[in-house]
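# Report on the structure
The lines below spell out each chain.
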Amino acid sequence: MIDDGFRLFPAQASTHAPRVDLLYFFLLGVAVFFTVLIAALIVYFSIKYRRGNTRVDRTPSVGHPFSMEIVWMVIPLIISMVVFGWGATLYFSAYRPPAGAMEVRVVAKQWMWKFQHGSGRREINTLHVPLGQPVKLTMISEDVIHSLYVPAFRIKRDVLPGRYSECWFEATRTGEFHLFCAEYCGTNHSRMTGSVVVMEPSAYEAWLGGGTNELPAVAGKRLFEELRCASCHEPDVGTARCPPLVGLFGREVKLAGGARATADEDYLRESIVHPSAKVVAGFQPLMPSFDGQVDEEQLIQLIAYIKSLATP
């Protein structure tokens, strides 16, 4: 059950959470310190230089306090650079998944979250993950901009149409935690909620094995054959009318006009829905667009199949 009791701050349930909170409390401490300091000085000077007090020197200063100007420029600069460096470190850490992280595909749409595990197990509005294992979320939207937000994990990432975005987390405690959409996405935006269920690894494996699962690459291969993609993407380079797919993923591709592109997931998705956007050198733009013919989940399956061909 989700803990809905009153909390001043959300529970800390991931490796990110303590580090993010530490920066937050540092910023809060700096703000409180300068607020109290300025307020105290205002009160002090208001009393000291009040009207009618003849015991203070009111002679105008004729000098130029260079040392004071340097101090009030250098101190804020140092604090700003510390905050910038600290925040940048946390940002890159949160959006650069570690090698070997368990991958979960996320498709957002008005108004639900659809998750697919590497084994093929699917969920809607609930995500089950194992305790103590990095989980990489590869996300895309079918319609408008959404934003995946799990307060207990201190992660929030925009989910965009037409482009994959990533974030990751490693849960540090079992339980059920709130999942929200943090980007206004339409009439039922407030209902686009869900939960993340963190389980012990053995319990997660037992849950994952339940039901009928089909690997995304297997489903992608079947879809690849149904769409008759093999009729053009033949394995024999000499006879293929379109670029061969074996060993393609992760490789640098030379495009018509001399430009180059890396065959990552965004490139593969664009090549399926907008094939004329980047034409491979030596080939004609013969491939039809599959935009509107396959949805985002099917695109994920096709990409998974092409990735499985990375090693002949």
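Residues numbered from 1 in each chain as written. Predicted model: local features only at pLDDT ≥ 70, side-chain atom pairs only at ≥ 80, totals over all residues. Heavy atoms only, no water.

### As for the state of the cysteines
What counts here: By disulfide we mean two sulfur atoms from cysteines, separated by a distance within 2.5 Å. Note on classification: 1.4 Å probe, protein chains only; a residue is buried when its accessible area is under 20% of the maximum for its type, exposed when over 50%, partly exposed between these limits.
For the structure shown, the criterion picks out 0 disulfides. Cys167 takes part in no disulfide bond, and the closest cysteine sulfur to it belongs to Cys181, at a distance of 13 Å. Using a relative accessible area of 1% as the deciding quantity, one classes Cys167 as buried.

### Description of the pattern of salt bridges
Opposite charge on two side chains permits them to pair, given that their charged atoms come into close proximity. Put simply, the rule reads: We define a salt bridge as a side-chain nitrogen of Lys or Arg found within 4 Å of a carboxyl oxygen belonging to Asp or Glu. In this description a helix means any DSSP run of H or I spanning at least four residues, a strand means any run of E spanning at least two, and both kinds are numbered starting from the N terminus.
Under the counting rule described, the total for this entry stands at 12 salt bridges. Put simply, Lys109 and Glu142 hold a salt bridge, and the shortest N to O gap is 3.7 Å. With Lys109 in strand β1 (residues 102–109) and Glu142 in the loop between β5 (135–141) and β6 (146–150), the pair connects residues that are 33 residues apart, well separated along the chain.

### Examining the environment of Arg269
Our working rule: Pairs of residues are marked as contacts when any of their non-hydrogen atoms sit within 4.5 Å.
Along the chain, the position of Arg269 falls in helix α5 (residues 265–273). Its relative accessible area of 10% is what places Arg269 among the buried residues. Between the alpha carbons of Arg269 and Leu299 there is a distance of 6.8 Å; along the sequence they are 30 residues apart. Those residues in contact with Arg269 that lie beyond four places of it in its chain are Ile140, Gly162, Tyr164, Glu296, Leu299 and Ile303.

### A word on the confidence of the model for the protein
As a note on interpretation, predicted positions should not be read in detail where pLDDT is low. Going by this rule: On a range of 0 to 100, pLDDT expresses the predictor's confidence in each residue.
Averaged over every residue, the pLDDT of the protein is 86; the share at 70 or more is 94%. Highest mean pLDDT in the protein belongs to β6 (94); lowest belongs to helix α4 (residues 216–226) (84).

### Details of the packing of aromatic side chains
Quick reminder of the rule: Note on aromatic pairs: the rings of Phe, Tyr and Trp (six-membered ring only in Trp) are paired at centre separations within 6.5 Å, and the planes decide the class, stacked below 30 degrees, edge-to-face beyond 60, tilted for the rest. A positively charged side chain is recorded as over a ring if its NZ (Lys) or CZ (Arg) lies within 6 Å of the ring centre. The angle to the ring normal must also be within 35 degrees.
One pass over the full model with this rule turns up 13 aromatic pairs. Ring pairs connect the aromatic residues Phe9, Tyr24 and Phe25, which therefore count as one cluster. Of note, Arg157 hangs over the ring of Tyr95, and the distance from its end group to the ring centre comes to 4.2 Å.

### Brief notes about the pairing of β5
Here is the rule: Only strands joined by at least two bridges in the DSSP assignment are considered to pair.
With 7 of 7 residues buried, β5 lies mostly within the body of the structure. In β5, alternate side chains face the same way, and those of Val135, Leu137, Met139 and Ser141 on one face and Lys136, Thr138 and Ile140 on the other are all buried. Bridging between β1 and β5 involves 7 bridges; their strand directions are parallel. Bridge pairing in β5 links Val107 to Ile140. Sheet analysis places β5 next to strand β8 (residues 165–169), joined by 5 bridges and oriented antiparallel. Looking at the pairing, Leu137 lines up with Cys167 of β8.

### Comments concerning the packing of helix α1 (residues 16–48) against helix α2 (residues 66–94)
Put simply, the test is: Interaxial angles span 0 to 180 degrees and are taken between N-to-C directions of axes, which are lines fitted to C-alpha atoms, for helices over the stretch in contact. The labels follow the angle: roughly parallel below 35 degrees, roughly antiparallel above 145, roughly perpendicular from 65 to 115, and oblique for the rest. By convention, the crossing between two helices is left-handed when the near helix turns anticlockwise from the far helix through less than a right angle, and right-handed when the turn is clockwise.
The interhelical angle for the contact between α1 and α2, taken along N-to-C directions, is 160°, at an axis separation of 11 Å. On the basis of their axis angle, the class for α1 and α2 is roughly antiparallel. Considering the relative orientation of α1 and α2, their crossing is left-handed. Within the contact between the two elements, α1 uses His16, Arg19, Val20, Leu22, Leu23, Phe26, Leu27, Val30 and Phe34 and α2 uses Ile79, Val82, Val83, Trp86, Gly87, Thr89, Leu90, Ser93 and Ala94.

### A few points about the sheet that holds β6
Pairing is mixed across the open sheet formed by 5 strands, whose spatial order is β4-β10-β9-β6-β7. Unpaired on one side and paired on the other, β4 (126–130) and β7 (155–159) mark the two borders of the sheet. With strand direction ignored, the average angle separating the axes of adjacent strands in the sheet is 20°. Judged from the 2 bridges that link them, β6 and strand β9 (residues 175–181) form a sheet pairing that is antiparallel. Counted as the bridge partner of Leu148 is Cys181 from β9.

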